[in-house]
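# Coordinate inspection notes
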Amino acid sequence: MTVKAREVLNNMKAYPLNKSIEEVQAELGFEKAYKLAENENIFGCSPKIKANLSTHLNELFTYPDGHARQLTSKLAQFHQLHFHSIFIGNGSDEIIRLLCRAFICNDDEAVMADVTFPRYKTNVLIEGGKPIIVPLQNGVHDLSSMLRAITSKTKLVFICNPNNPTGTIINKQQLLEFIDQVPNDCLVVLDEAYYEYADNEQLLQSVPLLHKYPNLVILRTFSKAYGLAALRIGYGMMSPIYVDELTKVKDVFNVNQLGQIAASLALEDQQFINDCVTKNKTGKEYLEKELTVLNYDFYPSQANFIMIHTKRRGDYAANSLLKHGFIVRAGTLLGLPYTIRVTISSMEDNIHFINTFKNLAAEGEV
Ligand SMILES: *Cc1c(COP(=O)(O)O)cnc(C)c1O
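Figured I'd write up the structure that's included with this text. All residue numbers refer to position in the chain's written sequence, counted from 1. Residue-level local features of this predicted model are given only where pLDDT is at least 70; pairs of side-chain atoms are given and counted only at 80 or more, and the full residue set underlies all totals for whole chains, interfaces and linings. The side-chain values count all of the structure's non-hydrogen atoms but skip hydrogen atoms and water molecules.

A separate point is the pattern of salt bridges. Any Lys or Arg side-chain nitrogen found within 4 Å of a carboxyl oxygen on Asp or Glu counts as a salt bridge. Applying the stated criterion across every chain, the model contains 15 salt bridges. A salt bridge links K32 to D349; the nearest nitrogen and oxygen atoms lie 3.8 Å apart. You can see K32 sitting in the loop between helix 1 (21-28) and strand 1 (34-36) and its partner D349 sitting in helix 12 (residues 347-362), a full 317 residues away along the chain. Between K35 and E40 there is a salt bridge, and its shortest N-O distance comes to 3.0 Å. Exposure remark for K35: the relative accessible area of 28% places this residue in the partly exposed category. Each helix corresponds to a stretch of at least 4 residues labelled H or I by DSSP, and each strand to a stretch of at least 2 residues labelled E; elements are numbered beginning at the N terminus. With a 1.4 Å probe rolled over the protein chains alone, any residue whose accessible area is under 20% of its type maximum counts as buried; one over 50% counts as exposed, and the rest are partly exposed.

In structure tokens:
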């Protein structure tokens, strides 16, 4: 006899993590493996952070600031928002969980796209809610269907913009009209994890809308363009009323101190972000051009990854690439069976990737 976990966990699987660089190197005997699976910033983080963090190593015995006051006030200033409109999380992943914790129970509904970031669905299910899934249209959120899916039971609607895993963004006028039409008793959770990479002419500028739409929640992270995934810092911008609710359900010391310090410093170095965004754009254009030559289709990406339509199943294609030291995400796991998602890397690695992909394409292996 074993102790039974909650029923909802019966049909649930843990998030499928990719193999690590070390595993691939050890199992396949590569000197170097390329991890293009988690959309990390290959260029690292601002060089100003490293030296500063080492001066804080004598403080590891103290608990972090449970309110992350310094980082909160830096972010408030950066976004021209009130201090109480910012909530810092242990990654934006935690904030997704806390939003579900605070707002979802007993068959409450949450509307989201299929395919999108899988953490929305998982956390809604864990809290006993009902995910209402609306298929993408050509890789883009189908906002009119999502709007129609909202009922009096809907507490949250998740919009991932740019969308992970497709990299697509939503037409800004359409998104604005959508936000305008969502009833006030339903939160619009706009996950902008890849905000920095998107063309800011084309992407809806959401932060100024917070003043007009009290049910708008914007999520950003330091894990992607800021290159601090290891330190787990994300943040939400929302009405102070909702910050208060999230604060009630969070762990007391949810955000580690080195992360708080690093994120504050990272925010000050916007030149680093601009450089990374420029390099990413060059890399993306290169990959798009080469894939077109090879006759492979892809979703138009506004992020630091690209989702490629493969001729073999995504898991097969991913495995072919793995044999050559490239760890990519198979869309098969995510619900897009004939795709792989590849993180855009340094130019050297992008070229190496394309050369490998080209050879595998010639052999019918991707
Ligand atoms: C990576 C990612 C996150 C999570 O980022 P963390 O801040 O590292 O938890 C959230 N949303 C999307 C869409 C992501 O791709």
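Within strand 7 (residues 216-221), 6 of the 6 residues are buried, leaving the element largely enclosed by the surrounding structure. Of the two faces of strand 7, the one holding L216, I218 and R220 and the one holding V217, L219 and T221 are both buried throughout. Strands are labelled as partners when DSSP assigns at least two bridges between them. As defined by bridge partners, strand 6 (residues 187-191) adjoins strand 7 across 4 bridges and the pair is classed as parallel. Residue pairing for strand 7: V188 is matched across the bridge by L216. Where strand 7 and strand 8 (residues 234-237) come together, 4 bridges link them in antiparallel fashion. The residue bridging L219 from the neighbouring strand is G236, located in strand 8.

The next point concerns the environment of V189. By the element assignment, V189 lies in strand 6. Relative accessible area serves as the criterion here: at 0%, V189 is assigned to the buried category. Note: C-alpha distance between V189 and V157 (32 residues apart in sequence) is 5.9 Å. Working rule for contacts: check all heavy atoms of both residues, and any pair within 4.5 Å makes them a contact. Discounting chain neighbours no more than four positions away, the residues touching V189 are L99, L156, V157, F158, I159, V217 and L219.

Right, let's get into the sheet that holds strand 4 (residues 130-135). One open sheet accounts for 7 strands, arranged 2-8-7-6-5-3-4; its pairing is mixed. Edge positions in the sheet fall to strand 2 (86-89) and strand 4, since each has one partner strand and no second. Direction aside, the axes of adjacent strands within the sheet are offset by 25° on average. Axis definition: a line fitted to C-alpha atoms, over the contacting stretch in the case of helices. Angles run 0 to 180 degrees between N-to-C directions. Against the sheet, helix 3 (residues 69-79) engages strand 2, strand 7 and strand 8, with an angle of about 130° to strand 2. Its contacts with the sheet put helix 4 (residues 92-103) on strand 2, strand 5 (154-160), strand 6, strand 7 and strand 8, and the angle it makes with strand 7 is roughly 155°.

Within the largest apolar cluster, 56 residues are counted, with the highest numbers of intra-cluster contacts made by V157, I159, F178, I179 and F222. No other element matches the 6 residues that helix 9 (residues 257-268) contributes to this core. Excluding its chain neighbours within four sequence positions, the residues that come into contact with I159 are H141, L143, M146, I170, L175, F178, V188, V189, L190 and D191. The criterion is simple. A nonpolar core is a set of buried Ala, Val, Leu, Ile, Met, Phe, Trp, Tyr and Cys residues joined through side-chain atoms within 4.5 Å.

Attention now goes to the sheet that holds strand 9 (residues 305-309). Hydrogen bonding along the main chain pairs the strands of a sheet, whether they run parallel or antiparallel. With mixed pairing, the 4 strands of this open sheet are ordered in space as 1-10-11-9. Every interior strand has two partners, whereas the edge strands, strand 1 and strand 9, have only one. Across this sheet, the average inter-strand angle for adjacent strands is 30°, counted without regard to direction. Pairing analysis gives 5 bridges linking strand 9 to strand 11 (residues 339-343), with the strands arranged antiparallel. The residue of strand 11 that forms the bridge with I308 is I340. Helix 12 rests against strand 1, strand 9, strand 10 (326-330) and strand 11 of the sheet, and its axis sits at about 75° to strand 10.

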